[in-house]
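Residues per chain are reported as follows:
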Amino acid sequence: MADFEAIEFDVVVIGAGGAGLRAAIEAKQRGLRAAIVCKSLLGKAHTVMAEGGAAAAMGNVWSEDNWKVHFRDTIRGGKMLGNWRMAQLHAQESPDRIHELEAWGALFDRTKDGKIHQRDFGGHRYARLAHVGDRTGLELIRTLQQRAVALDTEVFMETKILRLLKNSSGEVSAAVGYQRPTGKIVVFKAKSFVLATGGIGRSWKYSTNSWESTGDGHALALWAGADLIDMECMQFHPTGMVWPLSVRGLLVTEGVRGDGGVLRNSEGKRFMFDYIPQIFAAETADNEDEADRWYDDHINNRRPPELLPRDEVARSINAEVKAGRGTPHGGVYLDIATRRSADFIQRQLPSMYHQFKELAGVDITAEAMEVGPTCHYIMGGIRVDADTAASTVPGLFAAGEVAGGLHGANRLGGNSLSDLLVFGRRAGIGASDYAEGRTSGTDVDSAEIESVIAEAQAPLTRETGENPYDLQRDLQDTMQNLVGIIRTGSELVEALDSINSLKERVKTVAVNRGPSYNPGWNLATDLPSMLSVCTMVTMGAIERKESRGGHTRDDYPKADAELGKINFVQRLNDSGEVLISPESLPEMPDDLKALLEEGAH
Amino acid sequence: MAKVIMRIWRGDADGGEFQDFPTEVSEGEVVLDVVHRIQAEAAPDLACRWNCKAGKCGSCSAEINGLPHLMCMTRMDTIPTEEPVVITPMKTFPIIRDLVTDVSFNYEMARRLPPFAPKDPGPDGTYRMQQVDVDRGQEFRKCIECFMCQNICHVIRDHEENKAHYAGPRLFIRYMELESHPLDTNDRRELLRQEMGLGYCNITKCCTEVCPEHIKITDNAIIPLKERVVDSSYDPVAWLGRKILRRTKKTADEAAAYRRDPQRAKAGK
């Protein structure tokens, strides 16, 4: 019998980014015993990296804005693949969630009349992003962290969850994991669980994501029997740093373009005018004069093409570089220096200024940045009920990046932070309701616990074997090269073979020393999640034989109207293999359809 | 490519020693890149914290040649490489392993802080604040909690026993942030004086010097806090004013009660 501690709660939230914290706050406010379990220290989750802002149709800058326009922008930006009910709730509830942060101490930038200021971003018709300079994620996570602490929420930091276990009636009842400082095994028992583990970008070589983004929640849900949808829909952010190599992939906020920055190729041309797709032609400026007038007059001018949704901009940059019009380091130029004053840039974009100055030796108030696409976000994820955030497995809820549906095939910038707040809260309510109504116990088979522990500890017991870092590098190369921004059928099949061979190699991983704060071992226990998730992304990419949003197929370059009505659902079969099947999107009610068609002014 | 020896402290609470890793450095690399390469190639078990690798999360604090730095924001070409580059964990906090320390002191101090308690919103249910009124608080909210200011502060760096009654610079800017918050109603000044050790700071500005966010910790937070605490303790006019006028800020006892149980405290129990 392995030595472990079992701790009992009503609700256990896995992940301490925006969604996890917001879910835990909800459960604590209800008076439930709730705990947060997270892989890093509290306050370090990936939310902290979000820069631009949180989208909410408060109408503080443009009174014409309202939830209907936000709903329309979100669905159209997601290339019609989004879940209508999630998009509706998100658009309707975001303003309240932002105001609530103020009541918890957040200090957003202000308009002249003392309201929360809102900035322009790609794909949003009006200036809609509540922000604090370009460090909005930090403000959001700190506010929620301080609120959670004020409510005396228990936080288990630096704790990795390996597996979710169910009781005899099939309800999720326990989470088995270990504490990284000591390596000690810990079992959390609870009446309901919320997965808020964020994204999967660690499996790509050039990525904005940290070491934590290994898709643990996606994998935990899959292994527990849940459905996941549209895992092929990945977002490559158009603007990552490209030089120096050591920071390649690091995020450059869309706020640079929202605040006046433009993209140019090596010939100095604003090339985005050549890439305006039909679906956005009516609302996008086709000449520089109109585009430049738009910043001050949104009503009589159309938006600059640099502010098309991210999938469009990322693909265009990719095409320019491929055509030989890139920068010396293989990106394009992002220029705000010639368009805005140094003072404005330093005030609106302080952390970008800092980041380029210190890491690249570039003064963005005087020279252009070099940028290129970088793996950023997964739109697909755990299939959830829009209203309750319940997954298809009883007792399991999900919110934030780990959940699928809201963003369809492409997420608009700023919709992630508001997603965390709206659905973090809803997951907290859903999980609390479930916990209060649950009648069955939380007993799980101790043999299952033993086998999870044995599997996790196996790399510590092998004398020799594969280095986990070698496997991670090979996986990153595979995903970067074969399942990147532009995909093709034969390469996807090759990727799947490569992932399958890595699955064999991972069985032979060996790490030195014991389990206490051992990054090699930590990575060894992350690899199974990464491989499961990469399998799903690749299988989804093979099945979706069209190009839509963040999923672009060289061999199927156009969107297919029929596939636009389909979610690709993945789940395990009885023998533990991933199955994929097409299912129809939920049918959007006519009154919401009308919003899309009329252009929703 | 420049050759360099990275001399990294390895060990745990029971002790340890330096281990040398000869390596080569490429253009633009930061210290964390080199540490990661050592992990991947030579020492997979080398313990260090990191997350964003962009100076935004404050996880990778360590001492490089004796001074606190974020490893992700310290370019190798700013460090002399003729001699070995010495990397040690933050000194003020207990060692867990290698470069990882137990920073729970900071989280405990954050839990002892009486929380934000806003006044009621306006008639439309939202708040109005002018930019000029939030500027000061926003400076402090840039803090990424790297805890390097706590680490360098000699009050706790050299005197472990002070940790029981000294919040430290990171928390002082948090107190000042709330003190200057246009909506907050809690008064934490007596608590700062009596239990949080504000008086121990003798404004040597070491904290300000190491802050990666360039927050003027001493000038904009600690000194104004000291002035406000003194005013509230010794100024007879202020004292009389508090007795006569309706208080908008809570006393230390009330604030502590609020922290323990906001619902009961609000009801005046």
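Residues numbered from 1 in each chain as written. Chains lettered and ligands numbered in written order. Predicted model: local features only at pLDDT ≥ 70, side-chain atom pairs only at ≥ 80, totals over all residues.

With that settled, consider the overall build of chain B. From N to C terminus, chain B includes 12 helices and seven strands. Long-range pairs, those at least 24 residues apart, make up 64% of the contacts in chain B with a sequence separation of at least 6. (Helix = DSSP H or I, 4+ residues; strand = E, 2+ residues; numbered from the N terminus. Contact = placed C-beta atoms within 7 Å.)

Moving on: the overall build of chain A. Within chain A, the regular secondary structure consists of 17 helices and 18 strands. With the C-alpha coordinates aligned to their principal axes, the bounding extent of chain A is approximately 75 × 50 × 50 Å. For chain A, the proportion of its 601 residues judged to be buried stands at 61%. For chain A, the share of sequence-separated contacts (at least 6 apart) that also reach a separation of at least 24 residues comes to 75%. (Buried ≥ 20, exposed ≤ 12 C-beta atoms within 10 Å, placed from the backbone.)

On to the interface of chain B and chain A, then. The extent of an interface is frequently quoted as the accessible surface area lost upon association of the parts. Each partner contributes to the interface: chain B provides 45 residues, whereas chain A provides 48 residues. Counting residues per element, the ones that place at least two in the side of chain B that touches chain A are α1 (31–41), β6 (95–97), α2 (104–111) and α3 (131–141) of chain B. Looking at which element gives the most residues to the side of chain B that touches chain A, the answer is α3(B), with five residues.

Once that is clear, we can look at the nonpolar core. Residues and elements named next belong to chain A. Counting 250 residues, the largest nonpolar core has Val 11, Val 12, Phe 193, Val 194, Leu 195, Ala 398 and Ala 399 as its most contacted members. Sort the elements by how many residues they give to this core and helix α16 (residues 519–543) lands first, with 12 residues. Apart from the residues within four sequence positions on either side, Ala 398 is in contact with Val 194, Leu 195, Gly 217, Ala 221, Ile 382, Val 384, Ala 389, Ser 391, Ala 403 and Ala 427. (Core = buried A, V, L, I, M, F, W, Y, C linked by C-beta atoms within 7 Å.)

Turning our attention to the pairing of strand β5 (residues 85–88) of chain B. Residues and elements named next belong to chain B. Here β5 shows a buried face lined by Val 85 and Ile 87 and an unburied face lined by Val 86 and Thr 88. Pairing geometry for strand β1 (residues 2–12) and β5, over three bridges, is parallel. Paired with Arg 7 across the bridge in β5 is Val 86. (Pairing = 2+ DSSP bridges.)

Below, the discussion takes up the sheet that holds strand β11 (residues 234–241) of chain A. Residue and element names in this part refer to chain A. The antiparallel open sheet is built from four strands, whose spatial order is β11-β14-β13-β12. Looking at the sheet topology across the chains shown, the edges are occupied by β11 and β12 (262–264). For this sheet the average axis-to-axis angle between neighbouring strands, irrespective of direction, equals 45 degrees. Its contacts with the sheet place helix α9 (residues 310–322) against β11, β12, β13 (332–335) and β14 (369–378), and it is angled at close to 60 degrees to β11. (Axes fitted to C-alpha atoms, helices over the stretch in contact; angles between N-to-C directions.)

Right, let's get into the domain arrangement of chain B. Residue and element names in this part refer to chain B. The assigned domain composition of chain B is domain 1 (2–101) and domain 2 (104–266). Opposite the 12 residues of domain 1 that make contact, domain 2 presents 13 residues. Per-class residue counts for the side of domain 1 that touches domain 2 are six nonpolar, four polar and two charged. (Domains from an automatic or database assignment. Nonpolar A, V, L, I, M, F, W, Y, C, P; charged D, E, K, R; others polar.)

Let's shift gears to helix α14 (residues 468–482) of chain A. Over its 15 residues, α14(A) extends 21 Å from the first C-alpha to the last, a length consistent with the 21 Å expected when each residue adds 1.5 Å. Those residues of α14(A) lying buried are Pro468(A), Tyr469(A), Leu471(A), Gln472(A), Leu475(A), Thr478(A), Met479(A) and Leu482(A). (Expected span 1.5 Å × (residues − 1).)

What follows is about the sheet that holds strand β17 (residues 566–572) of chain A. Residue and element names in this part refer to chain A. If you trace the four strands from one edge of the open sheet to the other, you get β15-β10-β17-β18, paired in antiparallel fashion. The sheet terminates laterally at β15 (381–382) and β18 (578–584), the two strands that pair on one side only. Of the strand pairs in this sheet, β17 and β18 are connected by seven bridges, and their pairing is antiparallel. In the strand pairing of β18, Ile 566 is matched with Ser 584. Contacts from α16 reach β10 (228–229), β17 and β18 within the one sheet, and its direction differs from that of β18 by about 45 degrees.

What follows covers unusual backbone geometry. Between Trp243(A) and Pro244(A) the backbone carries a cis peptide bond, its omega angle lying at -5 degrees. Along the chain, Pro244(A) turns up in the loop between β11 and α6 (255–258). Of note, Tyr517(A) is a non-glycine position whose phi angle comes to about 30 degrees, a positive value. Position of Tyr517(A) relative to the elements: it lies in the loop between α15 (489–505) and α16. The buried category is assigned to Tyr517(A), around which 25 C-beta atoms lie within 10 Å. Not every positive phi belongs to a glycine, and Glu145(B) is a case in point at roughly 55 degrees. Mapped onto the elements of the fold, Glu145(B) is located in the loop between α3 and α4 (148–152).

Turning our eyes to something else, we now look at the packing of α3(B) against helix α6 (residues 169–179) of chain B. Residue and element names in this part refer to chain B. Two elements in contact, α3 and α6, have axes whose closest approach is 9 Å; the angle formed by their N-to-C orientations is 160 degrees. Classified by the angle between their axes, α3 and α6 sit roughly antiparallel to one another. Once α3 is placed against α6, the crossing between them reads as left-handed. Taken together, the residues of α6 that come into contact with α3 (itself represented by Gly 137, Phe 140 and Arg 141) are Ile 173, Arg 174, Met 176 and Glu 177. Its residues assigned to classes, the contact of α3 with α6 comprises three nonpolar, one polar and three charged. (Parallel < 35°, antiparallel > 145°, perpendicular 65-115°, else oblique. Left-handed = near helix turned anticlockwise from the far one by under 90°.)

If you check helix α12 (residues 415–437) of chain A, its first and last C-alpha atoms are 32 Å apart, about what 23 residues at 1.5 Å a residue would give, namely 33 Å. Of all 23 residues making up α12(A), 19 are buried, and the element is well covered by its neighbours.

This next bit is on the domain arrangement of chain A. Residue and element names in this part refer to chain A. Taken domain by domain, chain A holds domain 1 (238–374) and domain 2 (450–562). Each of domain 1 and domain 2 has a C-alpha centre, and the two are 32 Å apart. Between domain 1 and domain 2, the contact holds five residues from the first and five residues from the second. Here the side of domain 1 that touches domain 2 gets four residues from one element, more than from any other, and that element is α9. Residue composition of the side of domain 1 that touches domain 2, by class: two nonpolar, one polar and two charged.

Attention shifts here to the packing of α14(A) against α16(A). Residues and elements named next belong to chain A. Their axes nearest at 9 Å, the elements α14 and α16 cross at an angle of 25 degrees. Between α14 and α16, the angle falls in the class roughly parallel. The crossing of α14 and α16 is left-handed. On the side of α14, the interface is formed by Pro 468, Tyr 469, Leu 471, Gln 472, Leu 475 and Met 479, while α16 contributes Gly 520, Leu 523, Ala 524, Leu 527, Met 530 and Cys 534. When its residues are assigned to classes, the contact of α14 with α16 shows 10 nonpolar, two polar and no charged.

With that settled, consider the environment of Glu108(B). Residues and elements named next belong to chain B. Structurally, Glu 108 is set in helix α2. Assessed through the 11 C-beta atoms surrounding it within 10 Å, Glu 108 is described here as exposed. Here the alpha-carbon distance between Glu 108 and Ala 167, two residues 59 residues apart in the chain, equals 9.4 Å.

To continue, consider the confidence of the model for chain B. In the predicted model, chain B carries a mean pLDDT of 90, and the fraction of residues at 70 or more is 86%. On the interface metric, ipTM, the complex scores 0.94, and its pTM is 0.94. (pLDDT = per-residue confidence, 0-100.)

By secondary structure assignment, the location of Leu496(A) is in helix α15. Placed 471 residues apart in sequence, Leu496(A) and Ile25(A) show a C-alpha to C-alpha distance of 40 Å.

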